[in-house]
Amino acid sequence: MTIRKWLKFFLVSLVIGAVTTVITSFFVQTHAYTPYLEQIDLWNLLGAILWFIGWGLVYSVISQMGFFAYLTVHQFGRGFFGYFWNHVQVVLILFVLFDLVYFRYTRAEDPGSLFPYIVVPAMLLIYSYAVAKVKAKETHPRAFLPALFFMIVVTTVEWIPALRIDEREWIMLMIVPLLAVNTYQLLTLHKIVGFNEGPSEHQSKQIKKG
């Protein structure tokens, strides 16, 4: 990857993080805009938007740090665990999904029904599965599990600051840009660095004949 390509990759990720955070804030933190919209206070309204843009940039940087850390961890896992690395990833995915339900439910002061705590990891799983399928289709079927691992496990690790606060508004405000930026990074990197599927079936036959 050249510096120019990396810089474009970095800047686009920043823009995605900022834009998705601002859009999400209009839905989950409407109260931050309402006073300025009622009085048509454009100056303070711009200040509120810039505030959320700042958070979006922070979320984007966290996402990018997590992505490049994952690339290192993935290579280490393949080298250390070998064939069992796939099994380790499956176990970690299941463990993280379980944690998103169990620990959030048990930590809540008045948890009530278990159903709302199941919805979030379920939606994360469905979305991650769809992204992983696209990744596998664009590259190789073997890319499905690592992509699913990244979208679920790494995104959850990046999401921990909001999960610790355990406030619905901040949980939603952070997860949307994290998923958006992580999706962009995952589905764009192979297009930037290039992907070689290896020799085709016809080429393999020609090589064997040769």
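Residues numbered from 1 in each chain as written. Predicted model: local features only at pLDDT ≥ 70, side-chain atom pairs only at ≥ 80, totals over all residues. Heavy atoms only, no water.

Draft legend 1. Structural detail: the environment of Thr 188. Here Thr 188 shows up in helix α7 (residues 168-193). Spatially, the C-alpha atom of Thr 188 lies 26 Å from that of Pro 161, the residues being 27 residues apart in sequence. (Helix = DSSP H or I, 4+ residues; strand = E, 2+ residues; numbered from the N terminus.)

Draft legend 2. Spotlight on the pattern of salt bridges. Scanning all chains against the criterion turns up one salt bridge. The residue Lys 191 makes a salt bridge to Glu 138 at a minimum N-O spacing of 4.0 Å. Pair noted here: Lys 191 is in helix α7 and Glu 138 is in helix α5 (residues 115-138), with a separation of 53 residues, a long-range link. According to the relative accessible area criterion, Glu 138 is partly exposed, its value standing at 36%. (Salt bridge = Lys/Arg side-chain N within 4 Å of Asp/Glu carboxyl O. Buried < 20%, exposed > 50% of the residue type's maximum accessible area, 1.4 Å probe, protein only.)

Draft legend 3. Structural detail: the UniProt feature "transmembrane region" (unreviewed entry) in the chain. UniProt marks residues 7-28, 48-71, 83-102, 114-132, 144-164 and 170-187 with the feature "transmembrane region" (unreviewed entry), using the numbering shown here. Overall, residues 7-28 shows 100% helix and 0% strand. The separation of its end C-alpha atoms is 31 Å. A helix fraction of 100% and a strand fraction of 0% characterise residues 144-164, whose end C-alpha atoms lie 29 Å from each other. (UniProt positions renumbered as here; feature names shortened; annotations may be inferred.)

Draft legend 4. Broad picture of the side chain of Thr 156. Relative to the assigned elements, Thr 156 resides in helix α6 (residues 144-165). Beyond its immediate sequence surroundings of up to four residues, Thr 156 is in contact with Val 96, Leu 100, Leu 124 and Leu 163. (Contact = heavy atoms within 4.5 Å.)

Draft legend 5. Examining a nonpolar patch on the surface more closely. Nonpolar side chains collect at one region of the surface, where Val 15, Val 19, Ile 23, Phe 26 and Phe 27 lie side by side and expose about 500 Å² of accessible area between them. Mapped onto the fold, Val 19 is located in helix α1 (residues 3-28). (Patch = residues over 30% accessible without salt bridge, like charges linked within 9 Å, V, L, I, M, F, W, Y side chains within 5 Å. Areas by Shrake-Rupley, 256 points an atom, 1.4 Å probe, with all protein chains shown as cover.)

Draft legend 6. Representation of the nonpolar core within the structure. In this structure, Ile 93, Phe 150, Ile 152, Trp 159 and Leu 186 are the most contacted members of the largest nonpolar core, which totals 41 residues. Sorting the residues of this core by element identifies α1, α3 (42-81), α4 (85-107), α5, α6 and α7 as the ones contributing at least two each. (Core = buried A, V, L, I, M, F, W, Y, C linked by side-chain atoms within 4.5 Å.)

Draft legend 7. Main features of the packing of α3 against α7. Here α3 crosses α7 at 45 degrees, and the two axes come no closer than 9 Å. With respect to their mutual orientation, α3 and α7 come out oblique. Note on packing geometry: the crossing formed by α3 with α7 is right-handed. For the pair α3 and α7, the contacting residues are Phe 52, Trp 55, Tyr 59, Ser 60, Ile 62, Ser 63, Gln 64, Phe 67 and Leu 71 in the first and Trp 170, Leu 173, Met 174, Pro 177, Leu 178, Val 181, Asn 182, Gln 185, Leu 186 and Leu 189 in the second. Its residues placed into classes, the contact of α3 with α7 shows 14 nonpolar, five polar and no charged. (Axes fitted to C-alpha atoms, helices over the stretch in contact; angles between N-to-C directions. Parallel < 35°, antiparallel > 145°, perpendicular 65-115°, else oblique. Left-handed = near helix turned anticlockwise from the far one by under 90°. Nonpolar A, V, L, I, M, F, W, Y, C, P; charged D, E, K, R; others polar.)

Draft legend 8. Spatial organisation of the packing of aromatic side chains. By the definition in use, this model includes 22 aromatic pairs. Judged by centre distance (5.4 Å) and plane angle (15 degrees), the ring pair of Trp 6 and Phe 10 falls under stacked. Of this pair, Trp 6 and Phe 10 both sit in helix α1, four residues apart, which is roughly one turn of the helix. You can call Phe 10 partly exposed: its relative accessible area is 24%. Within the aromatic cluster, the residues linked to one another by ring pairs are Phe 9, Phe 67, Phe 68, Tyr 70, Phe 76, Phe 80, Phe 81, Trp 85, Phe 149, Phe 150 and Tyr 184. (Phe/Tyr/Trp six-rings, centres within 6.5 Å; stacked < 30°, edge-to-face > 60°.)

Draft legend 9. How the structure looks around α7. For α7, with 26 residues, the first-to-last C-alpha span of 38 Å sits near the 38 Å given by 1.5 Å per residue. Bending of α7 peaks at approximately 30 degrees at the position of Leu 187. Along α7, 20 of the 26 residues are buried, which leaves the element largely enclosed by surrounding structure. Within two residues after α7, Gly 194 carries a phi angle of roughly 90 degrees, on the positive side. (Expected span 1.5 Å × (residues − 1). Bend = angle between axes of the 7 residues up to and from the residue.)

Draft legend 10. Structural view of the side chain of Asn 182. Structurally, the position occupied by Asn 182 is in helix α7. Assessed through its relative accessible area of 0%, Asn 182 is described here as buried. At 3.3 Å, the side chain of Asn 182 and the side chain of Gln 185 are in polar contact. Not counting residues up to four positions away in its chain, the partners in contact with Asn 182 are Ser 63, Phe 150, Met 151, Thr 155 and Glu 158. (Polar contact = N/O pair within 3.5 Å; in protein donor to acceptor, adjacent residues only side chain to side chain.)

Draft legend 11. Here's a closer look at α1. The end-to-end C-alpha separation of α1 is 37 Å, in line with the 38 Å expected for 26 residues at 1.5 Å each. The complete set of buried residues in α1 reads Phe 9, Ser 13, Leu 14, Gly 17, Ala 18, Thr 20, Thr 21, Val 22, Thr 24, Ser 25 and Val 28. Among the structural elements, α3 and α7 are those in contact with the buried residues of α1.

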